[in-house]
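The residues making up each chain are set out below.
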Amino acid sequence: MSSGLAVLCLLLLHTGAQGFGILPGDSLNHLEITERAILNVTVQVCRALAQAEGTDFTIPAEPFAAEAVAVACGAPQSAKSFRQAITFITLRNIRVDIRHALNASFHFDDEMFIQGRKIIADGVVAVKASNKQENFEAARQKLGEICHPLQDFYSHSNWVELGNKLPNSNLIRSDTSIGNIAEKSRATCRNCDGDDCRNNILADIKEEGILVSGYFSVVPLVSTKPKGKCSHGGAVDQTSKIEPKGGINKDTFDASHGYLHTDAANLAIAATSELLEDIRGAAGDRPFLQMMGISKGSSKALCFVIDTTKSMSDDIATVANVTSFIINSEVGTENEPALYIFVPFNDPDFGPLIKTTDPKVFKTVIDSLSASGGGDEEELSLSGLQLALASAPSNSEIFLFTDAGAKDKHLKSTVIALIERTQSVVNFMISTLPSRRRRRDDSQQQHSRIKESDAQLYRDLAQASGGQVIEVTKSELPVAISMITESSSSSLVTLLQAARSPGRADTFTFIVDETVINPTVYITGRSVTFTLISPSGKSQQSSDATGSLITASQSVGNFITLRLTKEAGQWEVKMVSNNSYTLKVIGQSPVDFLFDFVEISQGPFKGFDVLDTRPQAGVNGSLLVSLTGTDSGTVTEVALVESSGSEEIKGVVEPQGGGNFLVQVDRMPPVAFVVRVRGRVDGVTAKTSVIFQRQSSTNFRPSNLTITADSNSILIPGQPFSVPFSVMTDGTEGNFTIRATNNRRFDSTYPSSLLVEAGNSTNGTVTLSAPLNTPSGTDVTLTIEAEAPGGKDTNYVVLRVTVINTVTDFTHPVCQLLSLQSNCSENCSLLMWELSVQVTDGADGTGVDRVSLKQGNGTMNTSLAVGNENITLVSYNASCCSPDMELLVVDRVGNVGTCFYTLRERPPEAISFSTKVIQSPLLCLSIVVLGLHILTELGIQ
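Residues numbered from 1 in each chain as written. Predicted model: local features only at pLDDT ≥ 70, side-chain atom pairs only at ≥ 80, totals over all residues. Heavy atoms only, no water.

S.K.: Before we move on, could you go through the packing of aromatic side chains and cite the residues and values that matter?
M.R.: Throughout the structure, instances matching the rule amount to 19 aromatic pairs. Ring geometry for Phe-113 against Phe-153: centres 6.2 Å apart, planes inclined by 75°, an arrangement best described as edge-to-face. Of the two residues, Phe-113 is situated in helix H5 (residues 113-132) and Phe-153 in helix H6 (residues 136-156); the sequence distance between them amounts to 40 residues. On the numbers, 5.5 Å between centres and 75° between planes, the contact of Phe-595 with Phe-700 is edge-to-face. Here Phe-595, found in strand S20 (residues 592-600), pairs with Phe-700, found in the loop between strand S28 (689-695) and strand S29 (705-709); they are 105 residues apart in sequence, far enough to count as distant. Put simply, the rings of Phe-108, Phe-113, Phe-153, Tyr-154 and Trp-159 touch in pairs and so form one group of aromatic residues. In this arrangement the basic side chain of Arg-198 is found over the ring face of Tyr-259, its NZ or CZ atom lying 4.2 Å from the centre. Stacked on the ring of Phe-350, the Lys or Arg Arg-745 has its end atom at 3.9 Å from the ring centre. (Phe/Tyr/Trp six-rings, centres within 6.5 Å; stacked < 30°, edge-to-face > 60°. Helix = DSSP H or I, 4+ residues; strand = E, 2+ residues; numbered from the N terminus. Lys NZ or Arg CZ within 6 Å of the ring centre and 35° of its normal.)

Printed below as a string of structure tokens:
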């Protein structure tokens, strides 16, 4: 067994697995199965990259944790984004049981094998297409959705009972058979012997290898299960009370076939790993890690939204200089952005969005910008911002540059919705001219600023996101940019954030713990004074330039930054101003938190579903909080704190395992609020533990409206795509304004208003249409909003949809050995061997997209065959001391094949050598699962 295979065996043997439920318990659940597979495959990817780059790799200690894996991958700064990606994928997996509980196709119930496999195979196509377009969040969403039916196959079918020791690899393909499926008229089960269902599957079904699954229904209707068919089983399943009674599911240890739960769970882990390996092969190792939130530099995106009208010429030049500085100083460091995004806007247009992982490409784009046009005082700034928010990763930081107001103010609520959903920070850099910005008459030389109403709009958006509105002259802009970007870091955390409008005197406290470095205070506002008080009781006023608490300070326009001395404990800041102001305290620390508002399922399947909308005001609610950057931390308190006041509502914290905590509050605040988390981390210093406090940057607004929508997440170009939605209110009734926008500007239709009565829901439909030439993998963000009469209340739902062109190529590329030459002897270091291979994708294939060296220490070159671009020629030569090589070949729709060649099958003195070709990228995992099963049968854990 190769060293790589041995390592993978160890990974799967030490999964620490415990079922197919949703919530933690004695059995392994979907969350644990998915997370174990992700961690296992990610370790293998990082190990392979380290091996290819000639660097050391240390396998993290068991059981794997996201933080330890990120460190092992040489990307400790990615621990938070890696944990976020895992959580996102697992919650989308769980959502299937909440939103598609009774759809048999999503669970392989009712012998829906063809339909279930289609969901998986179509999803695989979508994941690969999204990755190719670098739309990683869309890829994660679809990946989570298809992991659920894939895992359920092993618990709900009789695959395990048939004696299979390996995953069914054909579940992730559309062009092959997944097995001999039982006819609808064929009996498959007998009654269980009381509670003993070990032998309820008919003998002839097992002998002939017939694939069956259990029927399921929560309604006691005889017609739901054909005569003689197996049932799913369990208290909820009403078909299990109809002969043949009992069931065959292996969801938990106490299920009908619970004695096979461990076997089914291990196969589900292996099958999920197999799926991830296939996606990895199509994407490549680095893009796969990006999908998982891991990058060599910062996991964050550098995102600029820039006004390109003529008056912005100087600003654009400044941005170009700053971009060059950031790129030159951060490339190769842990703060290098993982993604670069640029969106231009002016009037009457905005976009296109440019997204790249290549800093050189981004720098070229910025350097080539030119300013022109601009006929009035306002531009399409919110349209540009909407496009950026819909396309940037969650938790991004966005910088918008303009010297004008917004012409598209109607998008304010849409932009706030996207801010809340993505939890991104938006900073507005507002510059002014010493002379009139738009001269209607060249003789007019009076000073001009953005109107107060426009400035307030930007302040509202910045406050919603936890960003800043920095108002400076154009000559001051370079200083302002450097002040705010110098604190950008992959490990940035928020310790405190507050706003007061109108301004008033107030006192704020925040905790700096031992893990925090570079604590920094941001203040925006005019005529603001303050007093800082340290944990030791020392104080320093804003007028005191000689105090010991502030190590560095800068001020420009309405913006002040203060770098504090490092002193652990509770700080106090007393603010005094009659003008509006904002206060934000940040620092750098590995310890942070992620959270989502969730809804506890009230149906037969226990669990929680992430809200795509605002939480409902005035009623109880729930959050799922995850700690990041520590495997020894715990959450002790979660509070919802008024953004512009002091009231707070504390929740009840329930540990869920794996660094996750379910928080339940008895009442959602009636006004905008932030989330504050306090907790404890053990073993950070010589002390027993460290007490920490973190706060969300994003402000959230509750609503008395409920808006729900759900739809297929794959859109086919040229075909109408319908999204049904419903609106309900517990407050004001009447005609509600409806708005539906999408970031691709696809044609859409929807009702402009709906009549909604209190306590009742009203339905509507949004219909989208993508042009035929839309690239496969295009990510569409659809925001549907409902606004109460008079604008007193709003709510929204945000959906992510992927455009997929029809795929007909499901076969992987193949290799044909053209020649192999060698005269290797016992002294292998002095001799070489070489081979040439022809790679093709078949007559009906889409063509070879990429050929790479998966294994081998030699030199590989590729070229297109003369006169035939459908043939790729590969030449390879290596030392005789490296007798193995493996090619990874991918076609244009992501079908993956591998071709393995070795000199090992004959003795070194032989003149000619045989070549072994393996064209199954999943063989390794299959062997691992086989070994795992054998060890389990022998009782070795």
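Picking up after the structure, the text goes on.
S.K.: Outline the packing of helix H12 (residues 381-391) against helix H14 (residues 452-465), listing residues and values.
M.R.: Axis separation between H12 and H14 bottoms out at 13 Å; the angle between their running directions is 15°. By the angle class used here, H12 and H14 are roughly parallel. The element H12 and its partner H14 pack so that their crossing is right-handed. Of the residues in H14, those touching H12 at Ser-381, Leu-382 and Leu-385 are Leu-457, Tyr-458 and Leu-461. (Axes fitted to C-alpha atoms, helices over the stretch in contact; angles between N-to-C directions. Parallel < 35°, antiparallel > 145°, perpendicular 65-115°, else oblique. Left-handed = near helix turned anticlockwise from the far one by under 90°. Contact = heavy atoms within 4.5 Å.)

S.K.: An account of unusual backbone geometry is requested, with residue identities and associated values reported.
M.R.: Residues Glu-243 and Pro-244 are joined by a peptide bond in cis, for which omega reads -5°. Within the element layout of this structure, Pro-244 appears in the loop between strand S2 (210-211) and helix H8 (261-283). Asp-347 connects to Pro-348 through a cis peptide bond whose omega is 25°. In this structure, Pro-348 sits in the loop between strand S4 (339-345) and strand S5 (354-356). Located in the positive-phi region is Glu-111, a residue other than glycine, with phi close to 55°. The topology assignment puts Glu-111 in the loop between helix H4 (79-99) and H5. In this structure, Arg-745 takes a positive phi of about 60° despite not being glycine. Considering the arrangement of structural elements, one finds Arg-745 in the loop between strand S32 (734-742) and strand S33 (747-749).

S.K.: Tell me what's going on with the sheet that holds strand S11 (residues 492-500), and back it up with residues and numbers.
M.R.: Strand pairing in a sheet relies on backbone hydrogen bonds. The paired strands run either parallel or antiparallel. In spatial order, the strands read S11-S19-S13-S17-S16; together these five strands make up an open sheet with antiparallel pairing. Single-partner strands in this sheet number two, and they are S11 and strand S16 (550-556). Each neighbouring strand pair of the sheet contributes to a mean axis angle of 15°, computed without reference to strand direction. Here five bridges tie strand S13 (residues 517-525) to strand S17 (residues 559-564), and the two strands are oriented antiparallel to one another. Paired with Thr-524 across the two strands is Phe-559, which belongs to S17. (Pairing = 2+ DSSP bridges.)

S.K.: Could you give an account of the state of the cysteines, naming the residues involved and the relevant values?
M.R.: For the coordinates displayed, the defined rule picks out six disulfides. Residue pairing for Cys-46: its cysteine sulfur links by disulfide to Cys-73, the two sulfurs lying 2.0 Å apart. Its torsion about the S-S bond being 100°, the disulfide of Cys-46 and Cys-73 is classed as right-handed. Of this pair, Cys-46 sits in helix H2 (residues 30-53) while Cys-73 is found in the loop between helix H3 (66-72) and H4, placing the two residues 27 residues apart along the sequence. Taken as a pair, Cys-46 and Cys-73 share a single burial class, namely buried. Linked covalently through their sulfurs, Cys-828 and Cys-881 form a disulfide whose S-S length is 2.0 Å. Since a negative S-S torsion denotes a left-handed disulfide, the Cys-828-Cys-881 link at about 90° is right-handed. Of this pair, Cys-828 sits in the loop between strand S38 (814-822) and strand S39 (832-840) while Cys-881 sits in the loop between strand S42 (868-879) and strand S43 (884-891); the two residues are 53 residues apart in sequence, bridging distant segments of the chain. According to the relative accessible area criterion, Cys-828 is partly exposed, its value standing at 22%. In the protein, the bonded cysteines, numbered by position in the sequence, are linked as 1-2, 3-6, 4-5, 7-12, 8-10, 9-11. (Disulfide = S-S within 2.5 Å. Buried < 20%, exposed > 50% of the residue type's maximum accessible area, 1.4 Å probe, protein only.)

Read these as geometric descriptors, not functional statements.
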